[in-house]
Amino acid sequence: MVYSHEVEMMCPVAQGVAHGAAPIPEEAKWVKAKEIKDISGFTHGIGWCAPQQGTCKLTLNVKDGIIQEALVETIGCSGMTHSAAMASEILPGRTILEALNTDLVCDAINTAMRELFLQIVYGRSQSAFSEGGLVVGAGLEDLGKGLRSQVGTLYGTLAKGPRYLEMTDGYITDLALNEDDEIIGYKFVNFGKMMDFIKAGDDANTALEKAKGQYGRVADAVKFIDPRKE
């Protein structure tokens, strides 16, 4: 350690106050975190790229400072999906400090990692008061049974009104309209269920029919339109 001449010439004065770090909540424990290995928690966060063309939702499950589980969800940019594929390989096994200083390929994913780091080292995790934290695999619960991201894609113009394209229910095939051309319901196909039916042995047409559903006052509709064509 190199000291300046001014410091070398100072007389020593004892530091009387040494209470240590303020404790943060971690998995139903109060922890005075001094090192990266002292950090545990499960949390979510979002990030965005510089042109704000797309966004990333990142979910991490950290145990003893090491990322055990990572869920990377992206929207808005085709290249981000490939970046997410690489990030899902990069993140598990790294400490949260390593991950913070690793190029995760996409600005949005890097920004999400920064936001999660801030949350988790300040004790603002989703599992702060969950005894033992959340099991590795909990990240998949956000996706539901079909293991698909919760996506909403809705579009509208002043001239032609709204178009529902995709919701949590699934891919919207028809909009149900009343006599005033207002949306009162919709029909959809749940692609997650459809693929499960196909993998179980159903042909594509059978699987498609079994995966269809509807929401709202579809029975009262006076007409239906295809939101992608009409």
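Structure first, text after, so check above.
Residues numbered from 1 in each chain as written. Predicted model: local features only at pLDDT ≥ 70, side-chain atom pairs only at ≥ 80, totals over all residues. Heavy atoms only, no water.

Examining the side chain of asparagine 190
Thinking step 1. By secondary structure assignment, the location of asparagine 190 is in the loop between β9 (183–189) and α5 (191–199).
Thinking step 2. Given a relative accessible area of 18%, asparagine 190 falls into the buried group.
Thinking step 3. Among the polar contacts listed, one links the side chain of asparagine 190 to the backbone nitrogen of lysine 193, at a separation of 3.0 Å.
Thinking step 4. When neighbours within four sequence positions are excluded, asparagine 190 is seen to be in contact with Asp169, Gly170 and Ala211. (Helix = DSSP H or I, 4+ residues; strand = E, 2+ residues; numbered from the N terminus. Buried < 20%, exposed > 50% of the residue type's maximum accessible area, 1.4 Å probe, protein only. Polar contact = N/O pair within 3.5 Å; in protein donor to acceptor, adjacent residues only side chain to side chain. Contact = heavy atoms within 4.5 Å.)

Quick look at the packing of aromatic side chains
Thinking step 1. In the structure shown here, the tally under the stated rule is five aromatic pairs.
Thinking step 2. Taken together, the ring pairs connect Tyr164, Tyr186, Phe188 and Tyr215 into an aromatic cluster.
Thinking step 3. The ring of phenylalanine 197 carries lysine 210 above its face, with NZ or CZ at 4.5 Å from the centroid.
Thinking step 4. Here the guanidinium or amino end of arginine 228 rests over the ring plane of tyrosine 171, the centre of that ring lying 3.7 Å away. (Phe/Tyr/Trp six-rings, centres within 6.5 Å; stacked < 30°, edge-to-face > 60°. Lys NZ or Arg CZ within 6 Å of the ring centre and 35° of its normal.)

Overview of unusual backbone geometry
Thinking step 1. Backbone geometry places alanine 28, a non-glycine residue, at a positive phi of 70 degrees.
Thinking step 2. In this fold, alanine 28 is placed in the loop between β1 (24–26) and β2 (29–31).
Thinking step 3. For alanine 28, a relative accessible area of 42% gives the class partly exposed.
Thinking step 4. One non-glycine residue with positive phi stands out, namely glutamine 52, at about 55 degrees.
Thinking step 5. In this fold, glutamine 52 is placed in the loop between β3 (41–48) and β4 (55–63).

Remarks on the nonpolar core
Thinking step 1. Counting 24 residues, the largest nonpolar core has Leu58, Leu91 and Met113 as the members making the most contacts within it.
Thinking step 2. Elements represented by at least two residues in this core include exactly β4, β5 (66–75), α2 (78–90), α3 (96–100) and α4 (107–121).
Thinking step 3. Among the elements that make up this core, the one with the highest residue count is α4 (seven residues).
Thinking step 4. Ranked by size, the runner-up nonpolar core spans six residues in total, among them Leu175, Leu177, Tyr186 and Ile225. (Core = buried A, V, L, I, M, F, W, Y, C linked by side-chain atoms within 4.5 Å.)

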